[in-house]
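Residue-level structural notes
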Protein chains: 2
Amino acid sequence: MTVKKLEWIEAPTKKEKPDPNELIFGRMFTDHMFTMHYTEENGWHQPQVRPYEKISLDPASMIFHYGQSVFEGLKAYRSADNEILLFRPEENMKRMNRSNERMSIPSFNEEEMLEYIKQLIEIEKDWVPGEPGTSLYIRPFIIGTEPNLGVHPSHSYQLFVILSPVGSYYPEGINPVKIKVEKEYTRAAQGGTGMAKTGGNYSAGYNAQEKASNSGHAQVLWLDAVEKKYVEEVGSMNIFFKINGEVITPSLSGSILEGVTRKSIIELLQSWGVPVTERKITIDEVIESHREGKLEEAFGAGTAAVVSPIGAFTIDEAQYQVQDGETGELTKALYDTLTGIQTGTVKDHFNWVTEV
Amino acid sequence: MTVKKLEWIEAPTKKEKPDPNELIFGRMFTDHMFTMHYTEENGWHQPQVRPYEKISLDPASMIFHYGQSVFEGLKAYRSADNEILLFRPEENMKRMNRSNERMSIPSFNEEEMLEYIKQLIEIEKDWVPGEPGTSLYIRPFIIGTEPNLGVHPSHSYQLFVILSPVGSYYPEGINPVKIKVEKEYTRAAQGGTGMAKTGGNYSAGYNAQEKASNSGHAQVLWLDAVEKKYVEEVGSMNIFFKINGEVITPSLSGSILEGVTRKSIIELLQSWGVPVTERKITIDEVIESHREGKLEEAFGAGTAAVVSPIGAFTIDEAQYQVQDGETGELTKALYDTLTGIQTGTVKDHFNWVTEV
Ligand SMILES: Cc1ncc(COP(=O)(O)O)c(C=O)c1O
Ligand SMILES: Cc1ncc(COP(=O)(O)O)c(C=O)c1O
């Protein structure tokens with residue numbers, strides 16, 4: 001597909017690039033952003049790169065009232081050869097359209113959208129940090145902008161892509177965390193919006209996350225909304241267990257976000273000949289496997305941390321340690337391989353990586 | 001409580017007031033709005049009435065990404081004596097703080113907030129229409145404004161109150177509607193955000209509402225997320241059934257919004273000596289009572305319509321008519337009494353009404 005070169009309005013002044021060792025996630029943004037508008041008459045139109053600046057919206061805009069929004073999150077990495085690499089970005093475009101469908105937001109052309117993102121990154125290429133573990137975080141999002149308090153889908157939307165240089169998730173090396181099994185709050189239910197990347201899913205989890213943090217836990221482990229026994233996700237990551245040599249991850253139930261990292265891990269494990277299964281798994285089965293000494297590894301998986309080893313679970317008052325609180329061997333191999341592919345140091349047999 | 005008079009910035013030009021017979025819900029707004037800011041250092045501060053105008057926000061503002069927001073909806077009515085009346089506004093302030101708690105948003109002083117709203121309405125009093133069925137809709141809302149992509153509560157917020165003159169919900173007289181029992185999508189789950197008035201709950205329902213509209217239904221009847229058998233709400237209203245002389249409404253389960261209209265109807269019925277019960281009720285029980293000829297009336301209850309009679313249910317392919325599709329006697333009496341109290345034509349024994 002050929003998309004014509006985007007017209008763009010250059011920012012009159014440029015910001016100073018931050019110290020790559022002092023990057024904090026999602027707090028600093030580059031000089032430009034991508035924007036596009038939707039109306040019923042014109043569909044998605046007016047794609048444009050323009051200066052990163054405040055946006056001006058009517059206080060009655062639907063996003064402020066009924067939460068009609070979707071977003072994505074992916075990263076651009078600088079390779080040792082100074083190329084800028086994206087990891088399976090077409091998966092994020094597809095997922096964004098799946099989120100759109102769930103949230104009654106009009107879909108966009110995925111190839112075109114990816115091309116716009118590449119052109120934006122090309123313009124902002126000096127913002128892609130090169131230090132180990134760093135990257136340029138890419139945040140596309142869509143909001144309903146019609147000024148109307150009626151409870152129905154917006155008739156107009158704005159799509160943005162903003163970019164933020166981010167530091168290493170593991171400045172002190174990959175490190176297992178303690179997580180808390182949440183029994184009271186739910187993140188998402190069958191028939192709800194859990195499979196979509198929409199704002200409301202995330203703020204709905206703040207209470208539980210706060211409770212977990214206050215008791216010394218890094219993340220919440222979410223159970224299903226119905227029976228409160230099936231494992232769903234951990235924080236904003238998918239979850240994997242290695243039990244007796246087999247890797248298990250909860251199947252996509254409708255309330256779980258289909259992670260790109262999750263998908264890649266499944267494919268990697270298959271290529272390595274490691275048994276990997278997507279199926280329902282109860283928290284009781286996890287505890288039971290721990291009791292029997294068969295719970296070998298556990299980790300979260302997502303774009304932010306890539307792989308986040310789980311060192312211990314807390315359920316009610318009981319605590320269960322995994323791998324003596326150390327990072328498991330397979331967990332480490334997955335982390336090294338994925339980050340290696342993402343940054344071009346490990347051969348990309350899968351054709352996952354796209355150069356900008 | 002005495003709150004000092006708000007300072008305000010007058011709009012340089014005033015809009016023309018709309019034709020009261022052509023008001024569309026939530027599309028036109030008055031000349032001024034109320035705003036207040038929250039920061040950790042200063043708490044809620046800088047209360048102000050200022051011209052209704054676009055607001056300017058960083059594209060990284062948390063509201064655009066993680067949906068941290070709450071809102072309320074209440075109405076100001078013009079009485080025959082030209083007073084401006086509010087209906088139990090302190091209940092909306094309380095509920096807004098309950099929503100705040102669920103969404104990890106800092107609470108405000110309820111009395112003070114109500115006083116600000118009254119002062120705003122006083123300034124905009126000429127916008128309160130006086131024709132039968134019309135009112136001035138009041139929409140307070142709070143959004144997380146910190147520019148930060150971290151998944152955690154915002155450290156700064158803005159609170160707004162905007163006002164919109166609204167027409168009669170029933171320009172052609174109160175009229176029973178057909179509703180569809182939703183079996184696939186869920187609105188809210190136990191442990192989720194259903195008891196809070198937060199944006200994400202509403203856009204989550206668009207898909208189901210669309211499906212219902214396409215098959216000729218006015219609203220969706222929501223079942224519980226867990227067993228898909230308990231009745232929860234209808235559209236954005238609470239629901240009531242009259243079965244064999246007894247009025248039944250689902251008990252507040254955590255996934256149901258505690259409506260001010262619901263509460264008032266329960267209190268009214270009690271004062272009338274009509275048996276009224278808050279309890280779990282399955283859709284099967286409703287159908288069964290219909291089969292036995294005992295389902296006498298059914299209606300939704302909320303600020304927008306006050307009372308909305310249900311003329312028929314569709315479940316899968318089966319349709320069940322209530323009261324031959326006519327408005328029930330008790331439904332009508334509740335509607336007349338509530339709207340009468342709201343507009344000052346029926347004596348307010350309960351002290352529900354507050355003059356601005
Ligand atoms: C709820 C949730 N689950 C899982 C993931 C992991 O998805 P991915 O691997 O595509 O980053 C994310 C986010 O990135 C998420 O928000
Ligand atoms: C989901 C939901 N249920 C019920 C209601 C009814 O509440 P109230 O009577 O306070 O208007 C509302 C809104 O107003 C609502 O949004």
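Chain A goes by Branched-chain-amino-acid aminotransferase in an unreviewed UniProt entry, where it is assigned to Salisediminibacterium halotolerans. Database annotation for chain A, UniProt heading Cofactor (unreviewed entry): "pyridoxal 5'-phosphate". The UniProt entry for chain A carries the following comment under Sequence similarities (unreviewed entry): "Belongs to the class-IV pyridoxal-phosphate-dependent aminotransferase family."

With that settled, consider the pairing of strand 2 (residues 43–51) of chain A. Residues in a regular strand point their side chains to alternate faces of the sheet. Residue and element names in this part refer to chain A. Summarising the sheet, strand 1 (residues 32–39) and strand 2 pair through seven bridges and their orientation is antiparallel. Within strand 2, the position partnered with His-32 by the bridge is Pro-51. Connecting strand 1 to the antiparallel partner strand 2 that follows it, the hairpin turn spans three residues.

Below, the discussion takes up the relation of the copies chain A and chain B. Superposing chain A onto chain B requires a rotation of 180° together with a translation of 0.0 Å along the rotation axis, leaving an RMSD of 0.0 Å. Those values place the two copies in the arrangement expected of a two-fold rotation axis. Interface overlap between copies is the fraction of interface residues in one copy that are interface residues in the other; for chain A against chain B it reaches 100%, indicating a shared surface.

For the rest of this paragraph, the subject is the site of ligand 1. Residue and element names in this part refer to chain A. Taken together, 15 residues lie near ligand 1, and Tyr-202, Glu-233, Val-260, Thr-261 and Thr-303 sit nearest. Here an oxygen atom of ligand 1 sits 2.8 Å away from a polar atom, N or O, in the side chain of Arg-95. Between ligand 1 and the protein, one listed contact pairs an oxygen atom with a backbone N or O atom of Val-260 at 2.8 Å. Those elements that provide at least two residues to the shell around ligand 1 are strand 12 (237–243), helix 6 (260–272) and strand 15 (295–302). Residue composition of the shell around ligand 1, grouped by class: five nonpolar, six polar and four charged.

Glancing now at the packing of aromatic side chains. Taken as a whole and judged by the stated rule, the model has 33 aromatic pairs over all chains. Ring centres of B:Phe240 and B:Phe299 lie 5.1 Å apart, and the angle between their planes is 10°; this geometry places the pair in the stacked category. Placement of B:Phe240 in strand 12 (residues 237–243) and of B:Phe299 in strand 15 (residues 295–302) is noted, with a sequence separation of 59 residues between them. A single burial state applies to B:Phe240 and to B:Phe299, both of which are buried. Taking NZ or CZ as reference, A:Lys280 lies 4.3 Å from the ring centre of A:Tyr230, over its face.

Let us look at the interface of chain A and chain B. Each side of the interface is counted separately: chain A has 57 residues, and chain B has 57 residues. Summing both sides of the interface, chain A and chain B together bury roughly 4800 Å²; the carbon and sulfur share of this comes to 59%. Counting across the chain A and chain B interface gives zero salt bridges. Seen at the junction of chain A and chain B, the total is 30 residue pairs in polar contact (both at pLDDT 80 or more). For the side of chain A that touches chain B, a count of residues per class yields 28 nonpolar, 20 polar and nine charged. Pairing geometry for strand 3 (residues 55–57) of chain A and strand 3 (residues 55–57) of chain B, over three bridges, is antiparallel. The partner of A:Leu57 across the bridge, within strand 3 of chain B, is B:Ile55.

Moving on to empty space enclosed by the protein. Counting across every chain of the model gives six cavities of 30 Å³ or more. One number sums up the size of the largest cavity: a volume of about 290 Å³. Looking at the largest cavity, it is lined by 24 residues, and the ones nearest its centre are A:Arg187, A:Thr193, A:Asn201, B:Arg187 and B:Thr193. Here the element with the most residues in the lining of the largest cavity is helix 4 (residues 199–203) of chain A; it accounts for three residues.

It is common to report an interface's size as the accessible area lost on association of the parts. All names here are of chain A. Domain annotation for chain A reports domain 1 (7–166) and domain 2 (177–344). For domain 1 versus domain 2, the separation of C-alpha centres amounts to 27 Å. Taken residue by residue, the interface counts 21 residues in domain 1 and 23 residues in domain 2. With both chains or domains summed, domain 1 and domain 2 bury close to 1900 Å², and 57% of this area falls on carbon and sulfur atoms. Three residues stand out in domain 1 for area buried against domain 2, namely Phe-71, Phe-87 and Arg-95, and they jointly supply 31% of the buried area on that side. Joining domain 1 to domain 2, the criterion identifies three salt bridges. The residue Arg-88 makes a salt bridge to Glu-267 at a minimum N-O spacing of 3.4 Å. There are 14 residue pairs in polar contact (both at pLDDT 80 or more) connecting domain 1 and domain 2. For the side of domain 1 that touches domain 2, the elements supplying multiple residues, two or more each, are strand 4 (69–71), strand 5 (74–78), strand 6 (84–87) and helix 2 (89–102).

Here is what the cut-offs are and how they apply
- Residues numbered from 1 in each chain as written.
- Chains lettered and ligands numbered in written order.
- Predicted model: local features only at pLDDT ≥ 70, side-chain atom pairs only at ≥ 80, totals over all residues.
- Heavy atoms only, no water.
- UniProt positions renumbered as here; feature names shortened; annotations may be inferred.
- Pairing = 2+ DSSP bridges.
- Helix = DSSP H or I, 4+ residues; strand = E, 2+ residues; numbered from the N terminus.
- Least-squares fit on C-alpha atoms with pLDDT ≥ 70 in both.
- Contact = heavy atoms within 4.5 Å.
- Near = heavy atom within 4 Å.
- Polar contact = N/O pair within 3.5 Å; in protein donor to acceptor, adjacent residues only side chain to side chain.
- Nonpolar A, V, L, I, M, F, W, Y, C, P; charged D, E, K, R; others polar.
- Phe/Tyr/Trp six-rings, centres within 6.5 Å; stacked < 30°, edge-to-face > 60°.
- Buried < 20%, exposed > 50% of the residue type's maximum accessible area, 1.4 Å probe, protein only.
- Lys NZ or Arg CZ within 6 Å of the ring centre and 35° of its normal.
- Buried area = accessible area lost by both parts, 1.4 Å probe.
- Salt bridge = Lys/Arg side-chain N within 4 Å of Asp/Glu carboxyl O.
- 1 Å grid on protein atoms, 1.4 Å probe; cavity = no way out; pocket = protein on both sides within 12 Å on 5 of 7 lines; lining within 4 Å.
- Points joined across faces, edges and corners; volume = space filled by probe spheres on them.
- Domains from an automatic or database assignment.

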